[in-house]
Amino acid sequence: MDKFTKLTGAACPINQANLNTDQILPARYLKWTRAMGIGNVLFQDLRFDAEGRERPDFPINRPAWRCATIVVSARNFGCGSSREAAVYALYDYGIRCVIAPSYGDIFSGNAIQNGLLTAIVSDEEAAEIMAKLEQAPEFPLTVDLEEQTILCGNRTYIFTIDPVRRMRLLNGWDDIALTESYRERIAEFKAGDRKARPWAIANAEP
Amino acid sequence: MNEPHTLIDKLWGAHEIVRREDGQSLLWVDRHYVHEGSFHAFGKLAERGVPVAEPGLTFGVADHYVPTRGSRRNIANPELARMVGQVEENTARHGVKLFGLDDPRQGIVHVVGPEQGLTLPGLLIVCGDSHTSTHGALGAYAFGIGASEVAHVLMTQTIWQKKPPRMRITVNGRAAPGVAAKDIALAIIAHIGADGATRHAIEFAGPAIQALSVEGRLTLCNMSIEAGARCGMVAPDDATFAFLKGRPYAPRGAAFDEAVEVWSALSTDDGAAFDQEVTLDANSIAPIVTWGTSPEDALPIDASVPDPAREPDATRASYLRGALDYMGIAPGQRLTDIAVDRVFIGSCTNSRIEDLRAAAAVLSGRTSKVPGLVSAGSSLIKAQAEQEGLDRVFLDAGLEWGESGCSMCVGINGDLVAAGERCASTTNRNFRGRQGTGARTHLMSPAMVAAAAVAGHLADVRPMLGGRKV
Ligand code: SF4
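All values derive from a computational prediction rather than experimental measurement.

## Observations regarding the site of the ligand
Thought 1: What surrounds the ligand is the set His64, His110, Asp129, His131, Ser347, Cys348, Cys406, Cys409, Val410, Asn428 and Arg434 of chain B.
Thought 2: Considered class by class, the residues forming the shell around the ligand number four nonpolar, five polar and two charged.

## Thoughts on the pattern of salt bridges
Thought 1: Tallied over the full model, the rule gives 45 salt bridges over all chains.
Thought 2: Residues Asp45 of chain A and Arg28 of chain A are paired through a salt bridge, measuring 2.7 Å at the closest nitrogen-oxygen approach. With Asp45 of chain A in helix H2 (residues 44-47) and Arg28 of chain A in the loop between helix H1 (21-24) and H2, this pair connects stretches of sequence that are 17 residues apart.
Thought 3: Among the residues examined, Arg28 of chain A registers a relative accessible area of 31% and is labelled partly exposed.
Thought 4: Asp195 of chain B is the salt-bridge partner of Arg75 of chain A, the closest N and O atoms lying 2.7 Å from each other. Linking Arg75 of chain A in the loop between strand S3 (70-73) and helix H3 (85-93) with Asp195 of chain B in the loop between helix H6 (181-192) and strand S10 (201-205), this pair reaches from one chain into another.
Thought 5: Classification of Arg75 of chain A as partly exposed rests on a relative accessible area of 23%.
Thought 6: Salt bridges sharing common partners tie together Asp9, Lys163, Arg166 and Asp275 of chain B.

## Brief notes about the nonpolar core
Thought 1: Grouped together as the largest cluster of nonpolar side chains are 127 residues, with contacts concentrated most on Phe43, Phe77, Ile99, Leu117 and Leu141 of chain A together with Leu356 and Phe394 of chain B.
Thought 2: No other element matches helix H15 (residues 446-455) of chain B, which puts nine residues into this core.
Thought 3: When sequence neighbours within four positions are dropped, the list of residues in contact with Phe77 of chain A reads Leu19, Ile24, Val71, Leu90, Val98, Ala100, Ser102, Tyr103, Gly104 and Phe107 of chain A.
Thought 4: Ranked by size, the runner-up nonpolar core spans 89 residues in total, among them Ala140, Tyr141, Ala197 and Ala201 of chain B.

## Some remarks on helix H4 (residues 105-113) of chain A
Thought 1: A large share of H4 of chain A lies buried, amounting to nine of its nine residues.
Thought 2: Gly115 of chain A, located one to two residues past H4 of chain A, shows a positive phi value of around 80 degrees.

## A closer look at unusual backbone geometry
Across the chain, the bulk of peptide bonds are trans and the bulk of non-glycine residues have phi less than zero.
Residues and elements named next belong to chain A.
Thought 1: Phi angles above zero are rare outside glycine, and Asn76 is one such case at about 65 degrees.
Thought 2: Among the structural elements, Asn76 can be located in the loop between S3 and H3.
Thought 3: Of the residues examined, Asn76 reaches a relative accessible area of 1% and is grouped as buried.
Thought 4: For Gln148, which is not glycine, the phi torsion reads 55 degrees and is therefore positive.
Thought 5: Here Gln148 is to be found in the loop between strand S6 (141-144) and strand S7 (149-152).

## A word on the sheet that holds strand S8 (residues 158-162) of chain B
Thought 1: The antiparallel open sheet is built from three strands, whose spatial order is S1-S2-S8 (chain B). Each having just a single partner strand, strand S1 (16-19) and S8 of chain B make up the two edges of the open sheet. Here the strands of the sheet are splayed against their neighbours by 25 degrees on average, with no regard to which way each runs.
Thought 2: Two elements, strand S2 (residues 24-28) of chain B and S8 of chain B, share five bridges in a ladder whose sense is antiparallel. Bridging from a neighbouring strand, Ser25 of chain B pairs with Gln161 of chain B of S8 of chain B.
Thought 3: The strands touched by helix H8 (residues 183-196) of chain A are S1, S2 and S8 of chain B; relative to S2 of chain B, the strand with the most contacts, the crossing angle is about 45 degrees.

Calculation notes
Residues numbered from 1 in each chain as written. Chains lettered and ligands numbered in written order. Predicted model: local features only at pLDDT ≥ 70, side-chain atom pairs only at ≥ 80, totals over all residues. Heavy atoms only, no water. Near = heavy atom within 4 Å. Nonpolar A, V, L, I, M, F, W, Y, C, P; charged D, E, K, R; others polar. Salt bridge = Lys/Arg side-chain N within 4 Å of Asp/Glu carboxyl O. Helix = DSSP H or I, 4+ residues; strand = E, 2+ residues; numbered from the N terminus. Buried < 20%, exposed > 50% of the residue type's maximum accessible area, 1.4 Å probe, protein only. Core = buried A, V, L, I, M, F, W, Y, C linked by side-chain atoms within 4.5 Å. Contact = heavy atoms within 4.5 Å. Pairing = 2+ DSSP bridges. Axes fitted to C-alpha atoms, helices over the stretch in contact; angles between N-to-C directions.

As C-alpha cells, then:
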C-alpha cells in the first residue's frame, strides 16, 4: 500500500450529503477488474447524462477540478454498499484524499486499506472549504497528515482521523503483515474456543 | 456483583483474541460468507499463493448475478455466466461449500445463512456485503466488510476492528395491523438520519421488537446499515430458538439444548450502559414510504412530500429540489397521488416466506394495475411459497413469479427498472440509479408494495385489509 504524508493539489467540492457508493461507482461496473479502468467510470451517472454527454454542472467535469486529487463533500460520504471498488475508482481516477464531516464506516475502512485518506472536519468547515473552492476553483489545498492540517488559502483547518488509521497511512502498513505476528495467539484462541463453544462450529454437511 | 454488560460487549468479548494499546482488536470470525463479488479478494489470495485458512467456516452463495428470469441452466449473458462461474471456481479451488445455482438451497446470502442455521446466536459473522447486519437478528455480531478485509479473513479467519460505540434503540408499544418491521425500520432511519448510527453497533430492544417474528427482526437488522450502523442485533429469545431448531447446520439434539442454555445468557444485563439511547413508540408508526433518494427521506403514507420553497436551510432546500427532480415529483405533492409504473417484491430485506404471505394476502383476489416481479429470497422459500399457492396469487394478480436472487434490488443480473420508471419496492436502497440508471425507487413493506400494485399509485394498505392478515 502507498504511504500518505502530504499532498498539495486541486480539490473538487461536491456539496451533497449521503453521497453513496452507488453514485461513486454504479453497480454495473462491479464486475470490472481494476485493470479494465474503473477510474474512468468514477461518478459515471453523475458525470454523464443518459446519452453519454458530460453534465457540465457536475463539479469534477469543470476544467479546474478535472484533475483534482482531493474531493471535499458533505456528511455521510461513501455510505451504502460495501463495494471496495468505489475506493478503487476514486484512487484510480487520481483522488488521494477526501475531506468530509463523516463517512460510511465500511467506506472509510476500505479507503485506509488502499492508501486513500478520509479526513474529518466539521459540517461548517466542510461547507466553508467548499464555498472557498467555488470562489477560487484553481486554488490548491494542502493536506498534511503528519500535522493533521488542511491549508486552504490563508486559513489552516485541523482535521481528525483515527490515530491507528493515521499511522497506517503514514507508514503504508498492511493488515496481513501485522496479523502474521499474532499467529500463535490466534492458534491458542482457536484451540480454547473450540472447547468453550463447540456449538459455534458448523455441522458437517447435513 | 459483576459489572453489567450489554449484549454487544458480550459478543465482542467472546471473539477478542488480542486488544492492542492503540485500541485495535483482533477478532475471531465464526462464519464468513462469500458471493460472486468476492472475486477481488480471491484474486488477492491467488497473488500471494495462499489457501483459505478455514474453509469449513466459509460458505459461498451465488446470488448477486444469477438470472431471476429465464433459464438458469444456460446463462445467456456471458458476463453473468463468468461472474457465477468465478465463484464456483474460487470456492471449489479452496474447498469452500457453495450454494450454487444447481443447489436447491441457493438464495440471497442474508436469507440462506439464517435459513440453513449457519447463522446462530453468539457468532461473529462477516461478509463482503453491507447488509451482513441482517444476521444480527438472531443475536449474532454481524457486519459487512470490504474486499481487502475479505481477503484478510480468508487468509487468517480474523479481522481487525475498533470497538464501536453502543447504541440501544428501544421501540415501545405495539405496532398496529398493517404496520410491519419495514415500517419500524424506516421510522427509525427517518428519526435518526441515514448517518444517525454511524460507527455504532445497535441493539434493538423493547416490547415492539420482542413482538416481531424472527423474519421481522431480520428485516429490521438488515436496514440498520441504512442508518449508518456497523451492525444491528436483537437478543436471542424463545422465538429465535424455535426458529433455529431443526435447521440443517444448527446444532442438533442435546447439543442444541446445551447451546440454547448458553444463548439464553446473551442479553443486556440490567443497568448496563450504552453510549447512546434512542426511544420510539410503535403506536405512533404508520405505514411508511420513501419519497426521495436516501432512506432517511421516509414519511407516513398520508403525508405530502416536502416543498423546497418552505425550507429555510439553503443546502437542505437544494437537496430537496435535486431529489424531487430526480424522482419526478412535484413539491408538496401528496404521497398517495404518486402513480407507480411497476413493483418489485424481493431482496434480502423482504423476501422471506412471511413477506410473501403478507403481499399475497393483500393481492389475493385482486389484480395489479402495473407489471411487477416477485423474487423469493431463496429457492427453498420459492418452493414453500408454491406449496402454499402464493405463486398463484401473484400470477393471477398479473405479476411475474421469478427465481431467487438479488434480482431487481441492484439490477446487476439484468433485471432493471428502466430510466424514468417508478418502482414500489420492498428493497433497502432508494439511491439514484440503484435499480437501474435513472430508475426511481420508493421503499416500503411487502404489504404496502402490494397495495401500490392494486391501486396503481402509492397507497395506504390499511383500508385494503378488511380482515386480511398481513
Ligand atoms: S438483495 Fe440487494 S441489498 Fe441484499 S445482498 Fe442482494 S444486492 Fe445487496
